[in-house]
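A closer look at the structure
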Amino acid sequence: MPYTFDHATVCASCPHGTCFEDRRLNPVRGRNTSFRLRQQVAMNCTFAEFMPGSDNDPDPGRTYQTYLDAFRLNALTAGQNLFGKAFDVTSSAIAKVEGDVFELLEAGVFWNAAASWNTFMDSGVWNSETFTQPGGSIATPTRKVAIVKLPRGYDATRLFKSEVRSSIQAFEHALQLRGMELGLSSPDIVGVRLPHPLPIAMRRFLSPVENLDTTNLPLLEEGYRLLENSIEGSGFLFAIAVKRTTRSDRLYQPLYEANILKYLIENVLRGAAFRFYAHLNSFEGADVEGHYRAASLISLIRGGTPTRAVDSLYLALRPRDSAQNILDDLPLFPI
């Protein structure tokens, strides 16, 4: 399905299904909802031919807002064509879904940027025309990475090898015996060092995700499963908090995640330096830059030169640029 198309011709026989579920005869309990957006179908439809911001994107310099506008227009026009005057969906219902779409667009372009990096690590030849080879990068087959989205509420320690996870569990149990807990949280996206030699199942990280069709969208949502029980303590490189919009009360979650993860990786596991990024599509509505000047508690306790809890605050306006921002930091990791 093309990025833009004749809805009157296509929507009635769309191979992906309908963008909206008709709930008029089966209403959602507790909600005044006649039609519910089927996010996956709408994404399959709009992005079935390319991955935004990647090498196969006809115009990879477009903004997230441009892609989100196309997603919204395609879905709403489909609803109007299918259900006529009875179709009624609030703009806030679409806005809630757009946050998830923004995160998946980031996850997709990050996967593809990592695939370009991994190809370079093996071949010594940078073959991407959209992403630029990071300065200071040296082709080293043992330094391949995966950048994957994690589901909400996921226990990120499941990515570690069993012996590494045992160290974390022993630490947590010691706290529980005293009526306390560390309070682990799940970051939106993580970057890890892939094992070497690369297991067959993980060879998927060597290739880009071409689009967001019915095969590739589930791959982005569940790619983390390929990594479970396989990452060394020093292999957890970075985490990314992804937010479409900004509210003051939501800014503290990334700070909490950053401090917890840095303590876990650097102190409990004695791992390599860990970096935490916050990618926001807008800084409006809150003092984002002020909040994220907060120091890392671990760096203050350790002494010496303090560092920030959130190492990099990034205004994510274009998928290609967001991915390049992460790529440019990969040479910083010494292990």
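**What to know about the overall build of the chain**
For the chain, the helix and strand inventory stands at ten helices and seven strands. Its C-alpha radius of gyration of 21 Å places the chain within 12% of the 20 Å reference for a compact globule of 335 residues. If one aligns the C-alpha atoms of the chain with their principal axes, the spans along those axes are about 65 × 50 × 35 Å. The 335 residues of the chain split such that 50% are buried. For the chain, the share of sequence-separated contacts (at least 6 apart) that also reach a separation of at least 24 residues comes to 76%. Within the structure as shown, the chain displays about 15500 Å² of accessible surface, and the carbon and sulfur contribution to it stands at 50%. Here the chain contributes 34 positively and 36 negatively charged side chains, and the mean placements of these two sets differ by 5 Å.

**Examining helix α4 (residues 91-123)**
For α4, with 33 residues, the first-to-last C-alpha span of 48 Å sits near the 48 Å given by 1.5 Å per residue. Most of α4 is tucked away: 24 of the 33 residues are buried. One or two residues past the end of α4 sits glycine 124, with phi positive at roughly 80°.

**Regarding the state of the cysteines**
Under the defined criterion, the tally for this structure stands at zero disulfides. Summary of cysteine pairing: cysteine 19 is not part of a disulfide, and the nearest cysteine sulfur, belonging to cysteine 45, is at 5.1 Å. Take cysteine 45: it sits in no disulfide, and the sulfur closest to it among the cysteines is that of cysteine 14, at 4.7 Å. The exposure class assigned to cysteine 45 is buried, which follows from its relative accessible area of 3%.

**Here we look at the pattern of salt bridges**
Following the criterion strictly, the structure yields 17 salt bridges and no others. For the salt bridge of arginine 36 with glutamate 21, the shortest nitrogen-to-oxygen distance reads 3.4 Å. With arginine 36 in strand β2 (residues 35-37) and glutamate 21 in strand β1 (residues 20-22), this residue pair connects regions lying 15 residues apart in the sequence. Residue class for arginine 36 comes out partly exposed when judged on its relative accessible area of 33%. Of the residues examined, glutamate 21 reaches a relative accessible area of 29% and is grouped as partly exposed. Ionic pairing is found between arginine 62 and aspartate 57, a salt bridge with its closest N-O pair at 2.6 Å. It is possible to trace a salt-bridge network through shared partners that takes in Arg72, Glu98 and Arg244.

About the thresholds
- Residues numbered from 1 in each chain as written.
- Predicted model: local features only at pLDDT ≥ 70, side-chain atom pairs only at ≥ 80, totals over all residues.
- Heavy atoms only, no water.
- Helix = DSSP H or I, 4+ residues; strand = E, 2+ residues; numbered from the N terminus.
- Rg over C-alpha atoms; globule rule 2.2 N^0.38 Å.
- Buried < 20%, exposed > 50% of the residue type's maximum accessible area, 1.4 Å probe, protein only.
- Contact = heavy atoms within 4.5 Å.
- Areas by Shrake-Rupley, 256 points an atom, 1.4 Å probe, with all protein chains shown as cover.
- Lys, Arg positive; Asp, Glu negative; His and termini not counted.
- Charge placed at Lys NZ, Arg CZ, Asp CG, Glu CD.
- Expected span 1.5 Å × (residues − 1).
- Disulfide = S-S within 2.5 Å.
- Salt bridge = Lys/Arg side-chain N within 4 Å of Asp/Glu carboxyl O.

Honestly, that's just the spatial picture; any functional story needs more than this.
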